[in-house]
Amino acid sequence: MPQTRLLHVSDTHLGKRQYGSDVRREDFADAFERAIELAVERDVDAVIHTGDLFDDPVPSLPTVMRCASALEPLEECDIPFYGIVGNHERKNDEQWLDLLRRTNAATRLDREPTVVNDVALYGIDAVRRSVWDTTSFDLEAPPEDVECSILCMHELLEPPAEGIVADHPVEDVLERVDVDLDGLALGDLHQPKSAHVDGTDVWYASATERCAKDQEETGLVQLLEIEDGNLTRRQLELETRPWAVFPINFGEDDSADHVRDVFDRRDLTNAVTKIELIGERGAVTANEVSRMARDAGAAVVSVDDNRGRVELDVDSIEAMSLQGLDGAIEERLADEDFSAVALDIDGRVREDEGLNDTVSGAADDLEPALRDAQEAAFDDVEAPDEEIDATVPTEGDE
Ligand SMILES: [Mn+2]
């Protein structure tokens, strides 16, 4: 069998207007176009996309059109584009990928193998936390001449994800999948992390653009080469806009000159410039700092003004009895006429019983209880047949 080459792209977040900027929306589209150019240049056999193609479940028409045009070079070169649905773009019925599929620009991977040469590709869309334990990970067995099986998912699995960002152990997936996987190609973590677990290569491609100030290792795609069932991976860098992330510390008497001095020591040319103002409140406003950063050549500016924050007196908080606080809350709740489900949710949130610590994750966790309560409350009314989408994508939520 000849060598099979796949380009693994993920988390392109098309349509994201980072910091309210149309420049950034263009940047996300440009990065995706560069990834597609790379696929054509390297003449790969297929592109795989592991979710969050779009930033939003309802991308604007221009965003969908831009995506469709970006995919055109692949069609011209007969390179298929295979994808799964991520948590940011997930809708309850038909997915945007389905629309692209209708135009033959994209194909959704699923639990049946999609065979490229001697490689079987599978895909499982992002799974809501509330149904993780009951979701089937059964895959249809690959044809006999397949030498390598790769599953695409959009989940935060540990390893390679670590600590509080991880949602599930990767073993949970590897044990529940009944096909012997050579590779688990992941999206959702915007960092190029990898691990080798029980004979399976597990890795995140990273995002194609930087979605948050702390995501330094982005603008990457992974080139997979498979020969005689052996999978190797090379990281390729996309050209993306530079960032300048720094604080400006103000003393009481610091004026605009102080800001100019700081800018003189940095190159803001065409950069996404993310500035945190700290120290004393003074005469210079955040708006003035923004304007000066633009004058210094920055393409996009975002300023967080955290000056004048009072330090918390930790000792005084520890002096308060937490038990006492809970008691006070219980008493106050008893005075209110809350429904059973509201009280239950309050309890779960306050007792921190393993709820996901992102807004969308916690919403997923709480959704079944809310749905039951809604059904009970509207018993005699015909229940709406569409699913409630309680997920609220937030800035910095992957
Ligand atoms: Mn993402």
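Computed from a prediction, not measured in an experiment: that's the story for all the values here. (Residues numbered from 1 in each chain as written. Predicted model: local features only at pLDDT ≥ 70, side-chain atom pairs only at ≥ 80, totals over all residues. Heavy atoms only, no water.)

J.: Sorry, what's going on with the sheet that holds strand β7 (residues 148–154) here?
T.: Backbone hydrogen bonds hold the strands of a sheet together, and the pairing may be parallel or antiparallel. The sheet built from six strands is open, its strands ordered β5-β6-β7-β10-β12-β11 with mixed pairing. Each edge of the open sheet carries a strand with a single partner, namely β5 (114–116) and β11 (194–197). For this sheet, the mean inter-axis angle between neighbouring strands, taken without regard to orientation, is 20°. By the bridge criterion, four bridges tie β11 to strand β12 (residues 200–204) in an arrangement that is antiparallel. Each residue of the ladder has a partner; that of A195, found in β12, is V202. (Pairing = 2+ DSSP bridges. Helix = DSSP H or I, 4+ residues; strand = E, 2+ residues; numbered from the N terminus. Axes fitted to C-alpha atoms, helices over the stretch in contact; angles between N-to-C directions.)

J.: Looking at this structure, how should I read the packing of helix α5 (residues 256–264) against helix α6 (residues 286–295)?
T.: The geometry of a pair of packed helices is captured by two quantities: the angle between their axes and the separation between those axes. Between α5 and α6, whose axes approach to 11 Å, the crossing angle comes to 40°. At the point where α5 passes α6, the crossing takes the right-handed sense. Listed contacts from α6 to A256, V259, R260 and F263 of α5 are V289, M292 and A293. Among the residues forming the contact of α5 with α6, the class breakdown is six nonpolar, no polar and one charged. (Left-handed = near helix turned anticlockwise from the far one by under 90°. Contact = heavy atoms within 4.5 Å. Nonpolar A, V, L, I, M, F, W, Y, C, P; charged D, E, K, R; others polar.)

J.: What should I look at first to understand the sheet that holds strand β14 (residues 230–237) in this one?
T.: One open sheet accounts for six strands, arranged β4-β3-β2-β1-β13-β14; its pairing is mixed. At either margin of the open sheet sits one strand with a lone partner, and together these are β4 (107–108) and β14. Note: strand β13 (residues 220–227) against β14, eight bridges, orientation antiparallel. Bridging from a neighbouring strand, L224 pairs with R233 of β14. Each of β1 (4–9), β2 (46–49), β3 (81–83), β13 and β14 is contacted by helix α1 (residues 22–41), which is oriented at about 175° to β1, the strand it contacts most.

J.: Sorry, what's going on with the coordination of the manganese ion here?
T.: As a benchmark, a tetrahedral metal site with four donors has ideal angles of 109.5 degrees, while an octahedral site with six donors has ideal angles of 90 or 180 degrees. Coordination of the manganese ion by the protein comes from D11 (OD), H13 (NE2), D52 (OD) and H190 (NE2), over a distance range of 2.1 to 2.4 Å. Ordering the donors of the manganese ion by residue number gives the pattern D-x1-H-x38-D-x137-H. Here H190 lies in the loop between β10 (183–187) and β11 and H13 lies in the loop between β1 and α1, a separation of 177 residues in the sequence. One exposure class covers both H13 and H190, and it is buried. (Donors = N, O, S within 2.8 Å, 3.2 Å for Na, K, Ca; no water. Buried < 20%, exposed > 50% of the residue type's maximum accessible area, 1.4 Å probe, protein only.)

J.: How should α1 be read in this particular structure?
T.: For an α-helix, 3.6 residues make a turn, and residues three or four places apart therefore share a direction. Given a rise of 1.5 Å per residue, 20 residues ought to cover 28 Å, and the 28 Å separating the end C-alpha atoms of α1 matches this to within 8%. Among all positions of α1, only R24, D27, F28, A29, A31, F32, A35, I36, L38 and A39 are buried. For α1, the N-terminal cap is S21; the gap from its side-chain oxygen to the backbone nitrogen of V23 is 3.1 Å. Positive backbone phi, approximately 50°, marks D43, located one or two places after α1. (Expected span 1.5 Å × (residues − 1). Polar contact = N/O pair within 3.5 Å; in protein donor to acceptor, adjacent residues only side chain to side chain.)

J.: How should the nonpolar core be read in this particular structure?
T.: One recurring pattern in soluble globular proteins is that nonpolar side chains are buried together. Within the largest apolar cluster, 28 residues are counted, with the highest numbers of intra-cluster contacts made by L7, F32, V47, L53, L71, F81 and L100. Where this core is concerned, the elements lending two or more residues are β1, α1, α2 (61–76), α3 (96–102) and β13. Among residues more than four places away in sequence, those in contact with L100 are L53, F54, C67, A68, L71, A105 and A106. Grouped together as the second largest cluster of nonpolar side chains are 27 residues, V127, A166, V173 and L186 included. (Core = buried A, V, L, I, M, F, W, Y, C linked by side-chain atoms within 4.5 Å.)

J.: Please explain empty space enclosed by the protein as it appears in this structure.
T.: Rolled over the atoms, a probe sized like a water molecule indicates the empty space that remains. If you walk through the whole model with that rule in mind, you get one cavity of 30 Å³ or more. Lining the largest cavity are F54, V85, E89, Q95, W96 and L97. Looking at the lining of the largest cavity, its residues break down into four nonpolar, one polar and one charged. (1 Å grid on protein atoms, 1.4 Å probe; cavity = no way out; pocket = protein on both sides within 12 Å on 5 of 7 lines; lining within 4 Å. Points joined across faces, edges and corners; volume = space filled by probe spheres on them.)

J.: Explain the pattern of salt bridges to me, please; I cannot follow it from the model alone.
T.: Side chains that differ in sign of charge can pair as their charged atoms come close. Counted according to the given criterion, the structure contains 19 salt bridges. One salt bridge connects D257 with R260, and the closest N-O pair in it is separated by 3.0 Å. You can see D257 and its partner R260 sitting in helix α5, three residues apart, about one turn around the helix. A residue is classified by how much of its surface remains accessible, and R260, at 42% relative accessible area, is partly exposed. With a closest N to O distance of 3.3 Å, D305 and R281 form a salt bridge. Taken together, the residues D305 in strand β17 (residues 300–305) and R281 in the loop between β16 (272–279) and α6 connect sequence positions 24 residues apart. Linked through salt bridges whose partners overlap, the residues forming this network are R24, D27, E209 and R241. (Salt bridge = Lys/Arg side-chain N within 4 Å of Asp/Glu carboxyl O.)

That is the geometry; function is a separate question.
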